[in-house]
Amino acid sequence: MAYNDDEQTAPTSTATEPARPTVGITGQLVKQVRLNKYHNDVASMAPHDQELLLELRGSSSSTDRAGLDLVAVIDVSGSMDGDGIDKAKTALQFVIRKLSDLDRLCIVTFSTNATRLCPLRFVTAAAQAELKALVDGLKAYDATNMKGGLETAMSVVDGRRLAAGRAVSVMLMSDGYQNQGGDARDVHLKNVPVYTFGFGASHDSNLLEAIARKSLGGTFNYVADSANLTGPFSQLLGGLLTIIAQDLELTVTRFHGEATIKRVVWVDAGTYPQTTASDGSSVTVSFGTLYSAEARRVIVYLALADKTASPPYDANVCLAQYRFTFQAQQVTSNPDLITIKRRPSAAPGAARKPQPVENELARRQHADMIRAARDMAEANKMEDARNKLEEARKALEENFNQAANPTVAMLLEELRQLRGLMERQDLYNKEGRPYAASSLASHDRQRVATRGQADGVRLYTTPHMDTYLKQAEQFEKNPDEAPPPATKHVPEPDQVVDQEPPAPPAEADVVPDVPRDMAAGDRRTLSAALRVAAAVLSLAAFVLMASVRTSGWDSDRYDLYEQYYRLMHDHLPVASKHHAFLTCNKSRC
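Being a predicted model, the structure only gives us computed values, none of them experimental.

About the thresholds
- Every chain is numbered independently, its residues counted from 1 as its sequence is written.
- The predicted origin of the model limits local features to residues at a pLDDT of at least 70 and limits the giving and counting of side-chain atom pairs to 80 or more, whereas totals for whole chains, interfaces and linings rest on all residues.
- Hydrogens are left out, water is left out, and the side-chain values use all remaining heavy atoms of the structure.
- Numbering of helices and strands starts at the N terminus; helices are DSSP runs of H or I of at least 4 residues and strands are runs of E of at least 2.
- Contacts were defined at the residue level, with two residues in contact if any of their heavy atoms lie within 4.5 Å.
- UniProt positions are given in the numbering used here, feature names are shortened, and annotations may be inferred rather than shown by experiment.
- Relative accessibility decides the category of a residue: with a 1.4 Å probe and only protein chains considered, values under 20% of the type maximum give buried, values over 50% give exposed, and everything between is partly exposed.
- Think of it this way: DSSP has to see at least two bridges between two strands before they count as a pair.
- Classification remark: right-handed applies to a crossover when, strands pointing away from the viewer, the course from the first strand over the helix to the second runs clockwise.
- Here a salt bridge means any side-chain nitrogen of Lys or Arg lying within 4 Å of a carboxyl oxygen belonging to Asp or Glu.
- One fewer than the residue count of a helix, multiplied by 1.5 Å, yields its expected span.
- To define axes, lines are fitted to C-alpha atoms, for helices over the stretch in contact only, and angles between the resulting N-to-C directions are given on a 0 to 180 degree scale.
- For classification purposes, an angle smaller than 35 degrees is called roughly parallel, one larger than 145 roughly antiparallel, one from 65 to 115 roughly perpendicular, and anything else oblique.
- Should the near helix be turned anticlockwise from the far one by less than a right angle, the crossing is left-handed, and should it be turned clockwise, the crossing is right-handed.

### Regarding the side chain of Gln471
Argument step 1. For Gln471, the position within the fold is in helix H11 (residues 463-477).
Argument step 2. For Gln471, the contacting residues outside a window of four places in its chain are Phe94, Lys98, Pro483 and Pro484.

This is how it looks when you write it as structure tokens:
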């Protein structure tokens, strides 16, 4: 059935105020996404391999967000009767309260047949009451026609009259196996992200994982019997309601004669689709949406050509350029040139990779080991699967400091939980399989996915997701206290949580990850202390420079500046170095 009755307008409110002046100014819009590059600055003239890390990061500063069109597809088959349907109702009530009249919601249910309970409608105060009444009336009965539910959702998406500039997503929840209406894998999803939620011990994780993987950017989420659905739903909303880029693409172009292909797939972007130029010179990766403070990391594998017969020079090895849309406006970044200094004194392979590159390569190896362990468990080789996970644990502990890198601590916790679910074949079939599936979905998409409990392993979360999860926990305790709806603008991180993520390091510097549980007050104290230290050192440099100038300088003394720079580099973190360097410049040192 075709649906073209989506609401076109909503009453004016604080959520639907006119866009701020930044919208429509390409130069400012492009700042909503930033490209960071990590690679060795110097390389040998001899032929050898290089790994380059490109990171697209969404702005975490206050900015507009895209209006959301959300289609919630809910299993109301007989197996959901009782606790299951009650949890689904509570989770949907939270969703309704968090959406604003910038956003639209459509609810689809499926049992033996699929039913669209309402068209896409703006979630105004009046609509909230009607939507909550629809949810309160849900009842569980009959069979499970998941294909019918997903087809109905896609018909709603396809029939939208108001689509330009709006982000669309489908949320699909089920606790069982499809037994009516055909195979949901056959539904054409186009470029719509579908986030699937497998609830309880009896859902079909293979099916739900396949649906999410087939979509653009969707993830499979495993929700344990003991967990509520509100937490996982809220975590997803924390991303969907902070979308700052759509149709995000990254194109990497190598330079002919300088960098050749190291492997068949020379750009590794997880399971995001890639398009390769006919001559193999460039690859374009399609990421779909990007949330505020979210990142997409791509590893580029290059084999640098033999230049031993050439004099030293700066080699242009790659060109990177990204593009996205925001509120129906297309934004394209300037081409970003990646250059590596080719020098005869550099020993091939001797230089250590930058820490961000090593971290990302290790994480991908970690995911591959989980994938291998899952394959072994599926073949009933449980001991081999456990040994593979133990191998992964040793690799992390031997190469990384857990205390200095909280991401490593979470990866180790992920391995510990998964190993416990691989103690027996029956336990793996019931809980280990969906845990491994959601874990790999998270790593392959570089996006948060619930692994049993929403508050378990917290990889790829953003500050807004943390806030929404806290609100969901409070809502579960007291549903009468409704959380505030999302605003039109994505607020600053420190306005929504008591912590904020560390700023990405400069290209030439490596900064240890800041633990996510560090208190905001501690960070503010540390930041203030660093600023004071930078100011004192800068003042000392100024006095030194002034004293030398009064002693009869004829020209600027670069050697004194160099001593000062080394002092900055050895004793101050990146942010303070930057501050001190600017101060030094102003003092003409």
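### Quick look at the UniProt feature "coiled-coil region" (unreviewed entry) in the chain
Argument step 1. As annotated in UniProt, the feature "coiled-coil region" (unreviewed entry) corresponds to residues 372-402 in the numbering used here.
Argument step 2. Between the end C-alpha atoms of residues 372-402 the distance is 24 Å, and the span holds 81% helix and 0% strand.

### A closer look at the pairing of strand S9 (residues 167-174)
Argument step 1. S9 sits mainly inside the fold: 8 of its 8 residues count as buried.
Argument step 2. Where strand S5 (residues 68-75) and S9 come together, 7 bridges link them in parallel fashion. Within S9, the position partnered with Leu70 by the bridge is Ser169.

### A word on the pairing of strand S6 (residues 104-110)
Argument step 1. In terms of burial, S6 is a largely internal element, 7 of the 7 residues being buried.
Argument step 2. Of the two faces of S6, the one lined by Arg104, Cys106, Val108 and Phe110 and the one lined by Leu105, Ile107 and Thr109 are each fully buried.
Argument step 3. Viewed along the sheet, the connection from S5 through helix H2 (residues 83-98) into S6 turns out right-handed.
Argument step 4. Where S6 and strand S8 (residues 121-122) come together, 2 bridges link them in antiparallel fashion. Considered in S8, the bridge of Arg104 is made with Phe122.
Argument step 5. Two elements, S6 and strand S7 (residues 114-116), share 3 bridges in a ladder whose sense is antiparallel. If you follow Val108 over to S7, its bridge partner there is Arg116.
Argument step 6. Remark: 3 residues form the turn of the hairpin made by S6 and S7, two consecutive strands paired antiparallel.

### Quick notes on the pattern of salt bridges
Argument step 1. All told, the structure shown has 39 salt bridges when counted by the stated rule.
Argument step 2. Between Lys353 and Glu51 there is a salt bridge, with the nearest N and O atoms lying 3.7 Å from each other. Taken together, the positions of Lys353 in the loop between strand S20 (336-343) and helix H7 (355-378) and Glu51 in strand S3 (residues 48-58) put the pair 302 residues apart, joining distant regions of the chain.
Argument step 3. Here Asp368 makes a salt bridge to Arg371, at a shortest N to O gap of 3.7 Å. Here the residue Asp368 and the residue Arg371 both occupy positions in helix H7, the gap between them amounting to 3 residues, near one helical turn.
Argument step 4. Three or more residues joined by partner-sharing salt bridges are found here, namely Asp6, Asp69, Arg104, Arg160, Arg161 and Arg166.

### A word on H7
Argument step 1. For H7, spanning 24 residues, the distance from its first C-alpha to its last is 35 Å, which sits close to the expected 34 Å at 1.5 Å a residue.
Argument step 2. Following H7 by one or two positions, Asn380 has its phi on the positive side, about 65°.

### Let's talk about the packing of H2 against H11
Argument step 1. Closest axis-to-axis distance for the H2/H11 pair is 11 Å, and the angle between their directions is 125°. As summarised for this structure, H2 and H11 are arranged oblique, according to the angle between their axes. The handedness of the crossing between H2 and H11 comes out as right-handed. Facing Thr90, Gln93, Phe94, Arg97 and Lys98 of H2, the residues of H11 in contact are Tyr468, Gln471, Ala472, Phe475 and Glu476.

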